[in-house]
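# Structural overview for review
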4 protein chains.
Amino acid sequence: MSNQNSKSTWRSRLHEIIYEADTRAGKAFDVVLLIVILLSIAFVMLESIRSIDRAYGEVLNIAEWVVTILFSLEYIARIITVRKPFKYIFSFYGIVDFLSTIPMYISFFIGGGHALVAFRALRLLRVFRVLKLARYLGASDMLSSALKASRAKISVFLFAVLILSVIFGTLMYLIEGAESGFTSIPISVYWCIVTLTTVGFGDIAPVTPLGQLIATFIMIMGYGIIAVPTGIVSAEYTSQVNKGAPKAPKKPYPNTHLNSQSCHNCHADKHKDNAEFCYNCGYRLHHDV
Amino acid sequence: MSNQNSKSTWRSRLHEIIYEADTRAGKAFDVVLLIVILLSIAFVMLESIRSIDRAYGEVLNIAEWVVTILFSLEYIARIITVRKPFKYIFSFYGIVDFLSTIPMYISFFIGGGHALVAFRALRLLRVFRVLKLARYLGASDMLSSALKASRAKISVFLFAVLILSVIFGTLMYLIEGAESGFTSIPISVYWCIVTLTTVGFGDIAPVTPLGQLIATFIMIMGYGIIAVPTGIVSAEYTSQVNKGAPKAPKKPYPNTHLNSQSCHNCHADKHKDNAEFCYNCGYRLHHDV
Amino acid sequence: MSNQNSKSTWRSRLHEIIYEADTRAGKAFDVVLLIVILLSIAFVMLESIRSIDRAYGEVLNIAEWVVTILFSLEYIARIITVRKPFKYIFSFYGIVDFLSTIPMYISFFIGGGHALVAFRALRLLRVFRVLKLARYLGASDMLSSALKASRAKISVFLFAVLILSVIFGTLMYLIEGAESGFTSIPISVYWCIVTLTTVGFGDIAPVTPLGQLIATFIMIMGYGIIAVPTGIVSAEYTSQVNKGAPKAPKKPYPNTHLNSQSCHNCHADKHKDNAEFCYNCGYRLHHDV
Amino acid sequence: MSNQNSKSTWRSRLHEIIYEADTRAGKAFDVVLLIVILLSIAFVMLESIRSIDRAYGEVLNIAEWVVTILFSLEYIARIITVRKPFKYIFSFYGIVDFLSTIPMYISFFIGGGHALVAFRALRLLRVFRVLKLARYLGASDMLSSALKASRAKISVFLFAVLILSVIFGTLMYLIEGAESGFTSIPISVYWCIVTLTTVGFGDIAPVTPLGQLIATFIMIMGYGIIAVPTGIVSAEYTSQVNKGAPKAPKKPYPNTHLNSQSCHNCHADKHKDNAEFCYNCGYRLHHDV
C-alpha cells in the first residue's frame, strides 16, 4: 500500500507539473514547452528554404528528431498521469499532441510529408493557459459563445455565398471563355469566390465588356455582403456583453475562475481557487497523501 | 366518387412525399433529390474541364440527360399534385425548377449554353427544408427581415458608390490615359469599382503620380465606406434581436413553427405542428379520407 | 398689375414644374430630366471607346451638344424662376448644374477635357426626389446624421492611417529598394495604402524576407483597423435609430414630411403636406393668385 | 532671488509658448512647427525620387539640415523648460522628438538611412493639440478606451489568425510546391496572410485544383473572420457611448476638459479651464510671479 501510495504521489506530482500552471515547476514546464514548440516550428520552416536546407539540413534534421522524441516522451507522460487516458487521447489537445509527433515517424518510413509537423502550431494555443491571463480566457469564452450563437446564421450566409458563386462562376465561364483564363467552370467559380471575398488576386480577370459588367456586379455584391456576418457577430456580441454583466458593468467577468489545475480523474479544468473537489466528477483535487 | 377519392388519396400521398419533409418517405425523397442535384452540378463542372470532357464526355452527357429527365418528371409531378399549379409555377421554386431543366432541352436543338443548368445550384436552397433545421430557418427569417429593413438605406449607399465611381473613373481616364490601361471611360469606371470595393485585381493600375494620388484617395474612401452598410445591418439586426424577444431573452424564437408540410391548396408552408387547417386559405391540411 | 400677376403666375407655374415633383407636369419633367442625364452620360462613355468614336463620333458629338443646350436652357429657367437666384447658384445642385454644362462650352474653344461632363452623374442624385420615396429620403437623413456624428472620430482614424502609411512606406523603401518596385518614398507610401486598405493590386510586391515580414504586419494591421470605422458607424447609427423612435418603435419615421415642393423665396424644401407658409422664411408657398 | 525669479519667468514664458496652445504665441509656435514638420517630410519624400534628387539634391539636403537644426533647438528648449526633463525625454512625444532629429546626424557620419527622419510624421499627431478640437480629442479618448477594452479579445483573434496561417501555409506548400511560387513554408505563410486578410496581391497564386480549393476555403474564412474584430469594437464602442452619457444623451462629452496647457512639474495635461493647481502633482499651474 505504501508502494501504491508512493506511486500515486509520483504520478500526482508529474500530473501537477505537466497539466497545471499554478506551481513553480508547472509554470516552468509550460514555458519550456512553448519555447520548444516555437523552435520546432522554426526548424520546419527553415528546412523548407532550399538554401538553408542545403547548408544546415543535417543539423536541422537532428534538431527535429530531438524535438520529436521530447514530444513523444511528453505525450506518454500525459497519458500515464491521467486517470482516464482515453479522455485525454480523444480530447482536442490530445489529438493535436498526437498529430505533432506522428508525421515525423511516418516520414522516417515513407519520406516526404514531415512538413505536416507544422500542426505543432496548434499546440501554441496552450500559451493562454501558461500566461494565466484571466482577461484573455474570459475574452475567449465570451467570443466563442457569441460565435456559437451566430453559427447558424453565418452558415446560412456562407451557403448563400457558395450558391451565388456557382451561378455567377458559370455565367462568367459562358461569357469570358478560355482566352481570358476562365478555362472551366470550377476555375470560374474559384475566380468568383476570389472576387466576392474582395481578395482579387488578378491572376484571372475578365476582358470582355459584358464580363466586366458582371464582375462589377459581383464585386459590389461582395462589398455589401460582408456587412451581413459582421452585423450578425456585432449584434450577438453586444447581446453577450449585455447579458454577461447586467448589474455590475464595471467588473466585466466577476465569476470567471481561472485556477489552471485540472482534475486527475476527468480532466476538467477551470476549478474555483478554493475548490477541494472536482466540480465535474467529485474527485478530490489535491490528492497528495 | 370512390374513384375520385382514390385519385385524391394517390395525389395526396404524392404531394406529401414531394412537398413535405415530416414523413419518412418525404424525407427520403428530399435527401435523394439533393444528392441528384449535387451530382448534376458536379457533372456540368466536370464536363467544362477540357481534359475530362475528352475522356468521359460521352458518359457525362448521358448522365446529364438522365438527371434532366428525372427533374422533368419531378417537375410534372409537382404540378399535378398541387391544387393551384400556377401558384407553384410562378413561385420562386417553381421558376428555379423550370430553369433547371429547360437549358438541357434547348441545348439539344441549338447546342451550347447547356452550362446554364448550373442554375440547379439554386435548388440546393431546399437543403434547409430537408435538414428541418428550426434554428436555421429562424435565423434566415430574422436575417431577411433585418435585410429588408435596411434595403432602402443600402440602396442609397450603393447608388452613391456608383455615382462616385462614374466621376472618379472619368477623372482617372483623363489623368492616366490609354498607356496605363485606362483605355476608355467604362474601363476606368470598372477599375474604380474594383478599387473602391477593395478587390484590387491589379490588371489595371495607375502609373502617373497624380493618378496614384487619386487612387490613394479612392482606396481610403472605399476602406471607410464599407463601414456604412455594415453599420446599417448591425444596427437593424441588433434592433431585430431586441424586438424579437423582449421578455424572454433566453428562448430566442419561441413562436417559430417549423412543421415542413405545405397546404395542398395554396402552397403556404410553416404551419403550426398541431394545425388542422391552412392559416392562409382555410383548406384542411391532412385531407386523406 | 395684371401683367405682373400673369408674369408671376407664369414663373410660378414654371417653378412648380421644375422644382417640384408633386404635380403631374413636375413629375414628368423630372423623369425626362433623369433620362436625358443618363443618356448624356452614356454618350460621353461611348465616345471614350476608340472603336465606337471612330464609327459614330459625329453623331455622338451632335447628341452631346443637344443635351448641353437643353441643360443650359434648364439652368437659365431655374435661375429665372427662383426669387433669390444666388442662393440657387451657390447651392450644391446649382454648382452641379453649372459644372454639367460648362465643360462642353470650354471644349469648344480649347478642345479636350469635355469628358468632365461626367460630373452630370451627380445630377442623378435628383432621382431620390423624383421617386418621392419617403423611406429613401428618411433613410438618407438618418444616415447622414449618423455620419455627421461620427465624422470627427473617423477623421482621427484616417489621420492615424495616413501617418502609419508614411512611416511604414519609408521603412519598406529602405528595406526593399528600387529592384522590387519601391523606387521612391511616395511610391512606397502609395503601396502601403494599397496594402493597408486590403486592395492589394500586386503591381508592386515585397520580395525580401524582411519586407514580406513587415508587409504581413501591415496587412494584419489593415485587416484589424477596418474594425474601427465600422464600429464607430455601427454605434452611432444604433444610437440614431434608438433616438429617432424611443416610444413607437413600429413606425420608424413618423415625422418625416416629404412634400417635394420647395419655397419660391428661400429654396427650402421638405415642407409639411398641409403647410401654407415656408417654415424657413415665412413666404407663402402656393403663391398662385 | 530676483535673478532666479526672472529666470523662472523666462523659462515659464518659453514653457507656455512651447507646450501650450491657449495663448497667441503658443498657438503660432505650434502652427509654425506643424508647417515645418510637413515641409521636412516633403523634403525627404522628394529626395527619394531619383530624378528630383539629381536636379535639386543639394538644395534639399541644405533644407533638411536647416529643419534638423531647428528641431534640435526645439528639443533642447523643451528639455530646459520642463522641471522634470527625464519625464519628457522618456514620454511618447519625447522619444518621437528625439527620433526625428537623430537619424540626420547619424547619416552625417555613416551615410544612408537618413530616410528614417520620416519618423517625423509621428510629430504630426500634435495637430490635434494645436487645432484644440474638443470634439476630436474627446473622440480620440473614447476611441482609445474602446480599443483598450477590446485589446485582449483582438489579441486572441490575431493569435488565432497567425496559427491558422502557419497551418494552412504549410498545407499549401505541400500541395502547390515551388513551381507555383510557394517556394518555402515562410513564403506560403506570407501568401496565406495575404489571402486571409483579403489583400490578395496575386504575385503568388495557387495553380493546382486542390490548392485552389484550399485557397477558396482560406478566402471564405478570411471574409468571415473579419466580422469578429469588427463585432468586438462595435460592441465595446456602443457600450462606451452608453456608459459615457447615460442621462444627458444630447451633450455627448460634458466633462471633457480641454485646456491645452501642461504642468511645468509633472507634464500632465488636460487640466480644467479654471484649474489653479495640477490635478496630478499639486504644482501651481500659472507660476509666473
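None of the values given here were measured: they were computed from a predicted structure. (Residues numbered from 1 in each chain as written. Chains lettered and ligands numbered in written order. Predicted model: local features only at pLDDT ≥ 70, side-chain atom pairs only at ≥ 80, totals over all residues. Heavy atoms only, no water.)

### So, the overall build of chain A
Put simply, the test is: In this description a helix means any DSSP run of H or I spanning at least four residues, a strand means any run of E spanning at least two, and both kinds are numbered starting from the N terminus. Residue exposure (1.4 Å probe, protein chains only): buried if accessible area is under 20% of the type maximum, exposed if over 50%, otherwise partly exposed. Contacts are assigned to residue pairs with any non-hydrogen atoms lying within 4.5 Å of each other. Note on areas: these come from Shrake-Rupley sampling with a 1.4 Å probe, and a residue is covered only by the protein chains present in the view.
When you go through chain A residue by residue, the secondary structure sums to ten helices and two strands. When the elements of chain A are put in sequence order from the N terminus, they spell out α-α-α-α-α-α-α-α-α-α-β-β. Taking all 289 residues of chain A together, the buried fraction comes to 50%. Counting contacts in chain A only where the partners sit at least 6 residues apart, residues at least 24 apart contribute 58% of the total. For chain A, the exposed surface amounts to about 13,900 Å²; the carbon and sulfur share of it is 66%.

### Digging into the interface of chain C and chain B
What counts is decided by this rule: Reported buried area values correspond to the accessible surface (1.4 Å probe) lost by two parts on association, with both partners' losses combined. The term salt bridge refers to a side-chain nitrogen of Lys or Arg lying within 4 Å of a carboxyl oxygen of Asp or Glu. Nitrogen and oxygen atoms within 3.5 Å of one another constitute a polar contact, given that in protein one can donate a hydrogen and the other can accept it, and given that sequence-neighbouring residues count only through two side-chain atoms. Three residue categories are used. Nonpolar comprises Ala, Val, Leu, Ile, Met, Phe, Trp, Tyr, Cys and Pro, charged comprises Asp, Glu, Lys and Arg, and polar comprises the others, including Gly.
On the chain B side, the residues contacting the 46 residues of chain C number 43 residues. Summing the contributions of chain C and of chain B, the shared interface buries around 3,900 Å²; its carbon and sulfur component is 78%. At the junction of chain C and chain B, the tally comes to zero salt bridges. For the pair chain C and chain B, the interface holds four residue pairs in polar contact (both at pLDDT 80 or more). Counting residues per element, the ones that place at least two in the side of chain C that touches chain B are α2 (24-48), α6 (127-131), α7 (134-149), α8 (151-176), α9 (185-196), α10 (209-225) and α11 (227-244) of chain C. Split into classes, the residues belonging to the side of chain C that touches chain B amount to 34 nonpolar, nine polar and three charged.

### Let's talk about the environment of Leu39(D)
Residue and element names in this part refer to chain D. By the element assignment, Leu39 lies in helix α2 (residues 24-48). In this structure Leu39 comes out as partly exposed when scored by relative accessible area, which is 42%. With 55 residues separating them in the primary sequence, Leu39 and Gly94 have C-alpha atoms 21 Å apart.

### Brief notes about the relation of the copies chain C and chain B
The relation between the two chain copies is a rotation about an axis coupled with a shift along that axis. This is how it is decided: For this overlay, a least-squares fit was computed on C-alpha atoms, restricted to residues scoring pLDDT of at least 70 in both copies.
Of the transformation placing chain C onto chain B, the axial shift is 0.0 Å and the rotation is 90°, giving an RMSD of 0.0 Å. Classification of the inter-copy transformation places it as that of a four-fold axis.

### Some thoughts on the nonpolar core
Inclusion rule: Only buried Ala, Val, Leu, Ile, Met, Phe, Trp, Tyr and Cys residues count toward a nonpolar core, and they belong to the same one when joined by side-chain atoms within 4.5 Å.
Of all hydrophobic cores here, the largest spans 120 residues; its most connected members are Trp191(A), Trp191(B), Trp191(C) and Trp191(D). When neighbours within four sequence positions are excluded, Trp191(C) is seen to be in contact with Met172(C), Phe182(C), Ile204(C), Ala205(C), Pro206(C), Ala215(C), Ile218(C) and Phe201(D).

### Looking at the relation of the copies chain A and chain D
Take chain A, turn it by 90°, move it 0.0 Å along the axis, and it overlays chain D with an RMSD of 0.1 Å. Mapped onto chain D, only 15% of the interface residues of chain A are again interface residues, and the two copies thus contact each other with different surfaces.

### Comments concerning the interface of chain A and chain D
Each side of the interface is counted separately: chain A has 46 residues, and chain D has 44 residues. Our count for the chain A to chain D interface comes out at zero salt bridges. There are four residue pairs in polar contact (both at pLDDT 80 or more) connecting chain A and chain D. Of all the elements in the fold, those that place two or more residues in the side of chain A that touches chain D are α2 (24-48), α6 (127-131), α7 (134-176), α8 (185-196), α9 (209-225) and α10 (227-244) of chain A. The biggest single contributor to the side of chain A that touches chain D is α7(A), with nine residues. For the side of chain A that touches chain D, the residue count by class is 34 nonpolar, nine polar and three charged.

### Describing the side chain of Glu176(A)
Applicable threshold: Positive charges come from Lys and Arg alone, negative charges from Asp and Glu alone, with His and the N- and C-terminal ends not counted.
Looking at where Glu176(A) falls in the secondary structure, it is placed in helix α7. For the buried Glu176(A), no salt bridge exists, and the shortest N-O distance to an oppositely charged side chain is 13 Å, to Arg50(B). With residues up to four places along the chain from it excluded, the contact list for Glu176(A) reads Phe182(A), Pro206(A), Val207(A), Thr208(A), Gly211(A) and Gln212(A).

### Looking at the packing of aromatic side chains
For the record, the criterion: Between the rings of Phe, Tyr and Trp (Trp by its six-membered ring), a pair exists once the centres lie within 6.5 Å; its type follows the angle of the planes, with under 30 degrees stacked, over 60 edge-to-face, and the other angles tilted.
Under the counting rule described, the total for this entry stands at 32 aromatic pairs over all chains. Both rings, one in Phe182(A) and one in Trp191(A), keep their centres 5.1 Å apart while their planes meet at 70°; by these two values the pair is edge-to-face. Per residue, the accessibility class of Phe182(A) equals that of Trp191(A), and both read buried. A ring pair is formed by Tyr75(B) and Tyr88(B), whose centres lie 6.1 Å apart and whose planes are at 50°; its orientation type is tilted. With Tyr75(B) in helix α3 (residues 50-81) and Tyr88(B) in helix α4 (residues 85-89), this residue pair connects regions lying 13 residues apart in the sequence. With relative accessibility at 1%, the residue Tyr88(B) sits in the buried group. Aromatic rings pair up to connect Tyr75(A), Tyr88(A) and Phe98(A) into one cluster.

### Quick notes on unusual backbone geometry
Residue and element names in this part refer to chain A. Phi angles above zero are rare outside glycine, and Thr198 is one such case at about 60°. Positionally, Thr198 belongs in the loop between α8 and α9. With a relative accessible area of 7%, Thr198 lands in the buried category.

### A few points about the pattern of salt bridges
When the charged atoms of two side chains lie near each other, side chains of opposite charge can form a pair. All names here are of chain A. Applying the stated criterion across every chain, the model contains eight salt bridges over all chains. For Glu74, the salt bridge identified is with Arg78, shortest N-O distance 2.6 Å. Here Glu74 pairs with Arg78, and both are found in helix α3 (residues 50-81), just four residues apart, close to one helical turn. A relative accessible area of 8% places Glu74 in the buried class. Through salt bridges with shared partners, a single network forms among Glu74, Arg78 and Asp97.

### A short note on the packing of α2(D) against helix α3 (residues 50-81) of chain D
All names here are of chain D. Stated formally: Every angle, taken between N-to-C directions, lies between 0 and 180 degrees, and every axis is a line fitted to C-alpha atoms, over only the stretch in contact when it is a helix. What makes a crossing left-handed is the near helix being turned counterclockwise from the far one by less than a right angle; a clockwise turn instead makes it right-handed.
Packing of α2 against α3 leaves a shortest axis separation of 8 Å and a crossing angle of 145°. Here α2 runs over α3; the crossing is left-handed. From α2, Phe29, Leu33, Val36, Ile37, Ser40, Phe43, Val44, Leu46, Glu47 and Ser48 reach across to α3, where they touch Arg50, Ile52, Asp53, Leu60, Ala63, Glu64, Val67, Phe71, Glu74 and Arg78. Considered class by class, the residues forming the contact of α2 with α3 number twelve nonpolar, two polar and six charged.

### Let's talk about the confidence of the model for chain A
As a reminder of what qualifies: Within a predicted model, pLDDT stands for the predictor's per-residue confidence, ranging from 0 to 100.
Averaged over every residue, the pLDDT of chain A is 75; residues scoring 70 or more account for 70%. Here the complex is predicted with pTM 0.78, and the ipTM for its interfaces comes to 0.75.

### Overview of a nonpolar patch on the surface
Residues and elements named next belong to chain A. What counts is decided by this rule: Each patch is built from residues lacking any salt bridge and having more than 30% relative accessible area; the joining distance is 9 Å for like charges and 5 Å for nonpolar side chains (Val, Leu, Ile, Met, Phe, Trp, Tyr).
Together, Trp10, Ile62, Val66, Ile69, Leu70, Leu73, Ile76, Ile80 and Tyr105 make up an exposed nonpolar region whose accessible area comes to about 850 Å². The dominant element in the nonpolar patch, judged by the number of residues it contributes, is α3, at seven residues. In this structure, Trp10 sits in helix α1 (residues 2-19). Look at Trp10 and you get partly exposed, because its relative accessible area is 49%.

### Observations concerning the packing of α8(A) against helix α2 (residues 24-48) of chain B
Helix-helix packing: each pair is described by the crossing angle between the helix axes and the interaxial distance. To be explicit about the condition: Throughout this description, any angle smaller than 35 degrees is read as roughly parallel, any larger than 145 degrees as roughly antiparallel, any in the 65 to 115 degree range as roughly perpendicular, and the remainder as oblique.
Closest axis-to-axis distance for the α8(A)/α2(B) pair is 7 Å, and the angle between their directions is 105°. Relative to α2(B), the element α8(A) lies roughly perpendicular. Residues Ile185(A), Pro186(A) and Val189(A) of α8(A) pack against Val44(B), Met45(B) and Ser48(B) of α2(B). The residue makeup of the contact of α8(A) with α2(B), split by class, is five nonpolar, one polar and no charged.

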